Amino acid sequence: MKKILGQTKLRVRRKIKLLRQAYLDKFVFIHINKTGGSSVEKALGLPFEHKTALEKIEQMGRRNWNKKITFAVVRNPWDKVVSHYHYRVKTDQTNLGNKHLDFKQWVKRTYGENDPQYYDQPMMFMPQLDWIADRDGKLLVNEIIRFENLSEEFNRLAEKLGVTATLPHVKRSNRGNYRDYYDDETQQIVADWFAKDIKQFDYRF
């Protein structure tokens, strides 16, 4: 009985959240993994969620979507991949914490070979454009924030949204420059995988 009540409460909370997003909030945030999205959600009082723009449109309806300020944060793909690797080691995903696989080998196994042992959640490896564009590659969000200038651009957007929000301190890693992690082969693997991001957002290694 408690389990059933718990599931019912969860469904009710999700329904309330959807109604709030569709009819009350002025904005919709698309949280691309490893782009500082958790900090943005915390600042704006949003629940943790990974959904693409197309999924959100399907959920709330195109008419409601079109009324909102919609936005996402994007990040240099080579830097994002390094962050993704370290997060997976830290949280011991796919046993990376116990069975250590160095960064270059991980890039080859995931982005190069799509080895299911490590390439276990395809959504988390998607090019960023796939999160925020339609099937023809047309952007669906009307605001793009760059991770490299997150605090300043978030403050600008918060002012536009008419909300008072303070972005939590973005943790600075002491792991060094992302470029130091790559050799020519792995640099090219990431370049090929995220080619559409590199072109759309004009990123360089």
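About the cut-offs
The numbers attached to residues start from 1 for each chain and follow its sequence in the written order. Residues qualify for local features only when their pLDDT is at least 70, as the model is predicted, and side-chain atom pairs are given and counted only at 80 or more; totals for whole chains, interfaces and linings, by contrast, use all residues. Hydrogens are left out, water is left out, and the side-chain values use all remaining heavy atoms of the structure. Counted as salt bridges are all cases of a side-chain nitrogen of Lys or Arg within 4 Å of a carboxyl oxygen of Asp or Glu. Per the convention used, a helix needs a DSSP run of H or I reaching at least four residues, while a strand needs a run of E reaching at least two, with both numbered from the N terminus. Burial classes follow relative accessibility: with a 1.4 Å probe on protein chains only, a residue under 20% of its type's maximum area counts as buried, one over 50% as exposed, and anything between as partly exposed. Here the rule is simple: two strands pair whenever DSSP picks up at least two bridges between them. Two residues form a contact once any of their heavy atoms are found within 4.5 Å.

- Per an unreviewed UniProt entry, the recorded name for the chain is Sulfotransferase family protein, and the organism is Alteromonas aquimaris.

### Here's the deal with the pattern of salt bridges
- Summed over all chains, the structure comprises 10 salt bridges.
- Across the salt bridge formed by Glu 143 and Lys 160, the nearest N and O atoms sit 2.3 Å from each other. Here the residue Glu 143 occupies a position in strand β3 (residues 143-146), and Lys 160 occupies one in helix α9 (residues 150-161), the gap between them amounting to 17 residues.
- Judged by relative accessible area, Glu 143 falls into the buried class, the value being 11%.
- Under the relative-accessibility criterion, Lys 160 is labelled partly exposed at 48%.
- Here the residues in one salt-bridge network are Arg 75, Asp 79 and Arg 175, joined through shared partners.

### Some remarks on unusual backbone geometry
- With phi around 60°, Asn 95 is a residue other than glycine that occupies positive phi space.
- Positive phi is not limited to glycine here, since Asn 114 has a value of about 55°.
- By the secondary structure assignment, Asn 114 is in the loop between α6 (103-112) and α7 (122-125).
- Of the residues examined, Asn 114 reaches a relative accessible area of 32% and is grouped as partly exposed.

### Focus: the pairing of strand β2 (residues 69-74)
- The element β2 is largely enclosed, with a buried count of 5 among its 6 residues.
- Pairing between strand β1 (residues 27-30) and β2: 4 bridges, direction parallel. Directly across from Val 28, in β2, lies its bridge partner Thr 70.
- Strand direction decides the pairing type here: β2 and β3, joined by 4 bridges, are parallel. Residue pairing across strands places Val 74 opposite Arg 146, the latter belonging to β3.

### Focus: the side chain of Arg 88
- Mapped onto the elements of the fold, Arg 88 is located in helix α5 (residues 77-90).
- By relative accessible area, which is 0% here, Arg 88 ends up buried.
- Arg 88 has contacts with Gln 93, Thr 94, Leu 96, Trp 106, Tyr 118, Asp 120, Gln 121 and Phe 125, leaving out every residue within four places of it along the chain.

### So, the environment of Gln 105
- Along the chain, Gln 105 turns up in helix α6.
- When the C-alpha atoms of Gln 105 and Thr 186 are compared, they prove to be 8.7 Å apart, with 81 residues separating the residues in sequence.

### A closer look at the environment of Ala 72
- Of note, Ala 72 is situated in strand β2.
- Judged by its relative accessible area of 0%, Ala 72 is buried.
- The spacing of Ala 72 and Ile 145 is 73 residues in sequence and 6.2 Å in space, taken between C-alpha atoms.

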